[in-house]
Amino acid sequence: MAFNCKQCGTCCMHMGDYIEIEREIGPFEFECSSVSTGTPFFAMVDEDKRELFLERAWIQGYPSACRFLRPDGVRVVCTIHKTSAPQCKFYRCVVFRVYSQNRKFLGTVTGTYALHTSDKELQSAWERRERTINWDSPDVEDRIADCLRELGYIAE
Ligand code: SF4
Ligand code: SF4
């Protein structure tokens, strides 16, 4: 099930303390570190985003945001998409959105496989069934989706 990032930028708005620029080593080139894993990485601003990156007025209003984040029309984008840290590349805020059979949105399963919902029926059904999921399975995402469907929900 493909995750479709909407490029809303929400996940990067508090990453300023986690993605650090150590020093600028060339035009649009930076030595960086990923603080949570202690991993250094080389970042180069994507060629098609250099004008965006040079525009700093917006980012100065968001001191907690990652320094590489910029608005681009209605989207808020990573300007080092090609060279961003591995955990950025693999991050997905949402694996599934969960709906009732009449397409009412009920909640999400996040990238950490946690269900977030304010629907009490879904919450208690999930709590009863999640114990039956093999979390070590290589196809755990399919198992979660199967489980939600068996409970009568739409997961997509
Ligand atoms: S991963 Fe999620 S929160 Fe982050 S930009 Fe994409 S849709 Fe937004
Ligand atoms: S490097 Fe890009 S994806 Fe990672 S936190 Fe910064 S803006 Fe977000």
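See the structure above.
All of these numbers come straight from a predicted model, not from anything done at the bench.

Draft legend 1. How the structure looks around the site of ligand 1. Surveying the vicinity of ligand 1 reveals the residues F3, C5, K6, Q7, C8, G9, T10, C11, Y91 and C93. When grouped by side-chain class, the residues that make up the shell around ligand 1 number 6 nonpolar, 3 polar and 1 charged.

Draft legend 2. Examining the pattern of salt bridges more closely. Taken as a whole, this structure holds 10 salt bridges when the rule is applied. A salt bridge links D72 to R75; the shortest N-O distance between them is 2.7 Å. Judged by relative accessible area, D72 falls into the partly exposed class, the value being 28%. Its relative accessible area of 33% is what places R75 among the partly exposed residues.

Draft legend 3. Fine view of the packing of aromatic side chains. As enumerated under the stated definition, the model contains 7 aromatic pairs in all. The rings of F28, F30, F53 and F68 are connected pair by pair, giving a single aromatic cluster. One residue, R103, lies across the ring of Y99, its end atom 4.6 Å from the ring centre.

Criteria and cut-off values
Residues numbered from 1 in each chain as written. Chains lettered and ligands numbered in written order. Predicted model: local features only at pLDDT ≥ 70, side-chain atom pairs only at ≥ 80, totals over all residues. Heavy atoms only, no water. Near = heavy atom within 4 Å. Nonpolar A, V, L, I, M, F, W, Y, C, P; charged D, E, K, R; others polar. Salt bridge = Lys/Arg side-chain N within 4 Å of Asp/Glu carboxyl O. Buried < 20%, exposed > 50% of the residue type's maximum accessible area, 1.4 Å probe, protein only. Phe/Tyr/Trp six-rings, centres within 6.5 Å; stacked < 30°, edge-to-face > 60°. Lys NZ or Arg CZ within 6 Å of the ring centre and 35° of its normal.

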